[in-house]
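Structural description and commentary
As a plain string of letters, each chain reads:
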Amino acid sequence: MELPELTVVIGLIVLAVAGLVALRWRTPTRIDDIEPAVTSQAGLGAALRRVWGQGPDEGTWQGLEEMLLAADVGVGTTERVIEGVREARPESFDEAREALAGQLMAELADRDRRLHLRGSPAVVLVVGVNGTGKTTTIAKLARHLMDEGRSVVLAAADTFRAAAGEQLTVWGERVGAPVVTGQQGGDPAAVAHDAVTSARAKGADVVLIDSAGRLHSKKDLMAELAKIHRVAGGDRGVDEVLLVIDATSGQNVLSQVSVFMEAVPVSGLVLTKLDGTARGGIVISVERELDVPVKLVGVGEGVDDLVPFAPRSFVESLLEV
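Residues numbered from 1 in each chain as written. Predicted model: local features only at pLDDT ≥ 70, side-chain atom pairs only at ≥ 80, totals over all residues. Heavy atoms only, no water.

With respect to the side chain of E240
As for its position among the elements, E240 is in strand β5 (residues 240-246). A distance of 2.5 Å separates polar atoms of two side chains, one belonging to E240 and the other to S267. A distance of 2.9 Å separates the side chain of E240 from the side chain of K295, its partner in a polar contact. Each residue touching E240, except ones within four places of it in the same chain, is listed here: R114, L115, H116, L117, V123, V124, L125, S267 and K295. (Helix = DSSP H or I, 4+ residues; strand = E, 2+ residues; numbered from the N terminus. Polar contact = N/O pair within 3.5 Å; in protein donor to acceptor, adjacent residues only side chain to side chain. Contact = heavy atoms within 4.5 Å.)

A word on the packing of aromatic side chains
For the structure shown, the criterion picks out two aromatic pairs. Both rings, one in W52 and one in W61, keep their centres 6.4 Å apart while their planes meet at 85°; by these two values the pair is edge-to-face. With respect to burial, W52 and W61 carry one shared label: buried. With 5.3 Å between their ring centres and 55° between their planes, F309 and F314 make a pair best called tilted. Take F309 and F314: they sit in the same class, and that class is buried. Of note, R49 hangs over the ring of F93, and the distance from its end group to the ring centre comes to 4.1 Å. Against the face of W171 rests R174, its NZ or CZ located 4.4 Å from the ring centre. (Phe/Tyr/Trp six-rings, centres within 6.5 Å; stacked < 30°, edge-to-face > 60°. Buried < 20%, exposed > 50% of the residue type's maximum accessible area, 1.4 Å probe, protein only. Lys NZ or Arg CZ within 6 Å of the ring centre and 35° of its normal.)

Side note on the sheet that holds strand β1 (residues 122-127)
Pairing is mixed in the open sheet, where eight strands are placed in the order β3-β2-β4-β1-β5-β6-β7-β8. The sheet is open, and its two edges are formed by β3 (179-180) and β8 (306-308), each paired on a single side. Here strand β6 (residues 268-272) runs beside strand β7 (residues 294-298); their pairing, made up of three bridges, is parallel. From the neighbouring strand, V270 faces β7, where its bridge partner is L296. Strands β1, β2 (152-156), β4 (206-210), β5, β6, β7 and β8 of the sheet are contacted by helix α6 (residues 134-147), whose axis makes an angle of about 170° with β4. Lying over the sheet, helix α7 (residues 164-175) contacts β2, β3 and β4, oriented at roughly 165° with respect to β2. (Pairing = 2+ DSSP bridges. Axes fitted to C-alpha atoms, helices over the stretch in contact; angles between N-to-C directions.)

Side note on the nonpolar core
The biggest cluster of nonpolar side chains holds 72 residues, and the ones touching the most others in it are L64, L68, L100, L104 and I209. Discounting chain neighbours no more than four positions away, the residues touching L68 are L44, V73, T78, V81, I82 and L100. The next biggest cluster of nonpolar side chains, apart from the first, holds 24 residues, and it includes V124, L145, W171 and V175. (Core = buried A, V, L, I, M, F, W, Y, C linked by side-chain atoms within 4.5 Å.)

Observations regarding the side chain of T60
When you line up the elements, T60 lands in helix α3 (residues 58-70). Dropping the residues within four chain positions of it, T60 is found in contact with V51, W52 and G55.

So, helix α4 (residues 75-88)
Look at α4: 20 Å from first C-alpha to last across 14 residues, which is about the 20 Å you get at 1.5 Å a residue. Those residues of α4 that sit buried are T77, T78, V81, I82, G84 and V85. The arc that holds the buried residues of α4, viewed along the axis, is 160°, so those residues lie on one side. Projecting away from the buried face of α4 at angles above 90 degrees are the exposed residues E79 and E87. The elements touched by buried residues of α4 are α3, α5 (93-107) and α11 (282-290). Just downstream of α4 lies R89, where phi reads positive at about 50°. (Expected span 1.5 Å × (residues − 1). Arc of directions from axis to C-beta.)

Re the pairing of β4
With five of five residues buried, β4 lies mostly within the body of the structure. Here β4 shows a buried face lined by V206, L208 and D210 and a second buried face lined by V207 and I209. By the bridge criterion, four bridges tie β1 to β4 in an arrangement that is parallel. Opposite A122, over in β4, you have V206 as the bridge partner. As defined by bridge partners, β2 adjoins β4 across five bridges and the pair is classed as parallel. Within β4, the position partnered with A156 by the bridge is D210.

Pasting the structure below:
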């Protein structure tokens, strides 16, 4: 190889290496930019210990930013949280962890997370994308309400998906709640109406309505959900519209949620598959972006594994070391 050609090759290699170094050290704005070590399945507490190192410096704050973004806390919230932690001037890991906990708690404060079930019967419409665990969440919620002494009727108003009614019927038998079903392809609003009528006749306390979640036919789904909401609510309206989202889906859930909020007035969120590991920050991101409270979380596969969302316990579990 001639000397001029060799010089050109060396120059290209230097430029490539410089580009890679710049890419490595730039401030991340997307989850894809974040180091794999930061996005491991360890909780935020363990990640914080790693990035804290010997104490606070610019590398520490960049590592904290990467850690929060990897946990799906969201860009805007991450900036506020880091600013708050820096203003606290922590000098040790324990002080940094305490400051971080305080900032995360502040992001989750002052929200009404109660289920408001005032009707006779109270009507709860449950919506969400297929595959989020919506039907099993309904069964868990039925068990939760029945453990409180309430009687529950289930409505299999997802008449689009094959075997959806059968699936809910199996869950109903398992938890001891009657299920009102309809024909596949039938009018889901009619199923919801029949369930409310049946519950009223039986003196039941709550009706939980399952619904379709097919986003590939968005226009039809939105019209269907709006009709179910109108018919099931009758003159006094629906008590709660709970949106079930998969916590492991990350920031993608924000676009899903916005679709459902176009059709029905979502009053609360139920997060499934929330185990308090690296992706748990989606709770904060969803609440901040959509201004809707998380009311319940699924913490396992069992029928009893649905619990009210408790911000303090959540933050403590998120920051476990």
